[in-house]
Amino acid sequence: ETGVTQTPRHLVMGMTNKKSLKCEQHLGHNAMYWYKQSAKKPLELMFVYSLEERVENNSVPSRFSPECPNSSHLFLHLHTLQPEDSALYLCASSQFAYRTGRNTIYFGEGSWLTVV
Amino acid sequence: QKEVEQDPGPLSVPEGAIVSLNCTYSNSAFQYFMWYRQYSRKGPELLMYTYSSGNKEDGRFTAQVDKSSKYISLFIRDSQPSDSATYLCAMRMGGSQGNLIFGKGTKLSVKP
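These numbers come from a predicted model, not from an experiment.

Quick notes on the rules
Residues numbered from 1 in each chain as written. Chains lettered and ligands numbered in written order. Predicted model: local features only at pLDDT ≥ 70, side-chain atom pairs only at ≥ 80, totals over all residues. Heavy atoms only, no water. Helix = DSSP H or I, 4+ residues; strand = E, 2+ residues; numbered from the N terminus. Rg over C-alpha atoms; globule rule 2.2 N^0.38 Å. Pairing = 2+ DSSP bridges. Phe/Tyr/Trp six-rings, centres within 6.5 Å; stacked < 30°, edge-to-face > 60°. Buried < 20%, exposed > 50% of the residue type's maximum accessible area, 1.4 Å probe, protein only. Disulfide = S-S within 2.5 Å.

(A) A look at the overall build of chain B. For chain B, the count of helices and strands is 0 helices and 11 strands. Helices and strands in chain B line up, N terminus first, as β-β-β-β-β-β-β-β-β-β-β. A compact globule built from 112 residues should have a C-alpha radius of gyration of about 13 Å, and chain B, at 13 Å, falls within 12% of that. Dimensions of chain B, computed from the C-alpha atoms along their principal axes, are close to 40 × 30 × 25 Å.

(B) Summary view of the sheet that holds strand β3 (residues 19-25) of chain B. Residue and element names in this part refer to chain B. What the 5 strands build is an open sheet, ordered β1-β3-β8-β7-β6; its pairing is antiparallel. Pairing within the sheet leaves two strands with one partner each, and these edge strands are β1 (4-5) and β6 (54-58). Relative to strand β8 (residues 71-76), strand β7 (residues 61-66) is paired through 6 bridges, and the arrangement is antiparallel. Counterpart to Gln64 in the pairing with β8 is Ser73.

(C) Representation of the packing of aromatic side chains. For the structure shown, the criterion picks out 11 aromatic pairs over all chains. Each ring, one from Phe107(A) and one from Phe102(B), has its centre 6.0 Å from the other, and the planes form 65°; the classification is edge-to-face. Note that Phe107(A) is positioned in strand β10 (residues 105-107) and Phe102(B) in strand β10 (residues 101-102), a pairing that runs across two chains. On the accessibility criterion, Phe102(B) (3% relative accessible area) is buried. Summarising the aromatic geometry, the rings of Tyr36(B) and Phe102(B) are spaced 5.8 Å apart at their centres and angled 50° between planes, so their arrangement reads as tilted.

(D) Representation of the state of the cysteines. One pass over the structure, following the stated rule, counts 2 disulfides over all chains. Through a disulfide, Cys23(A) is tied to Cys91(A); the S-S separation comes to 1.9 Å. Measuring the twist about the S-S bond at about -75°, one finds the Cys23(A)-Cys91(A) disulfide to be left-handed. In this pair, Cys23(A) is assigned in strand β3 (residues 18-25) and Cys91(A) in strand β9 (residues 87-94), connecting sequence segments 68 residues apart. Cys91(A) carries the same exposure label as Cys23(A), and that label is buried. Two residues, Cys23(B) and Cys89(B), share a disulfide whose sulfurs are 2.0 Å apart. A torsion of -100° about the S-S bond marks the disulfide between Cys23(B) and Cys89(B) as left-handed. A residue pair is termed long-range when its members are at least 10 positions apart, and Cys23(B) in strand β3 and Cys89(B) in strand β9 (residues 85-93) qualify at 66 residues. Grouping residues by exposure puts Cys23(B) and Cys89(B) together as buried. Summary of cysteine pairing: Cys68(A) is not part of a disulfide, and the nearest cysteine sulfur, belonging to Cys91(A), is at 9.0 Å.

Next comes the structure, spelled out in structure tokens:
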């Protein structure tokens, strides 16, 4: 149990489908993240939410749409994806300490996405 | 030049060996350095967290940061088969909330 729960763990979707990934953190953190992990590539930061406000969007295509309704929940809405979007999508959370600058990121187990 | 370079391996060692994993980086503004361990089909879990230069030890694991050389290392003593995983280095600048920059990860296999 990592404190960050992701559902579903596995998802297969067609290119015309609409689906959503869900993330919930039970750690009382003030920031949540979506990362993408593809084979042979470093983890890529997609979105950052701090206190429910999006603070970073790393040039992610609009077919990925994040939503953060409160500090414990984060969604990634998926629409008309491409096969190259198949990857492991990782949700993470952290408690940013403004005084010290310390920010330890804790990851969920990930959602394996296959686009066919 | 990539911001963080990490040899992807795979690295295979016998049980009990000392393992050395390394990353180099180009951005001298990085101040926080982390090592994550990722088992197959799982999310990364934080293993070590270091601020600025120096050593940090936790059980069989030692993290070293040499900011003058822009080089970080993770040593695993008395390696066990359960240490078989991919090890990711990560780092970020001070004061920035989100931007962890990761290496590609090194796949380690410890043979019994």
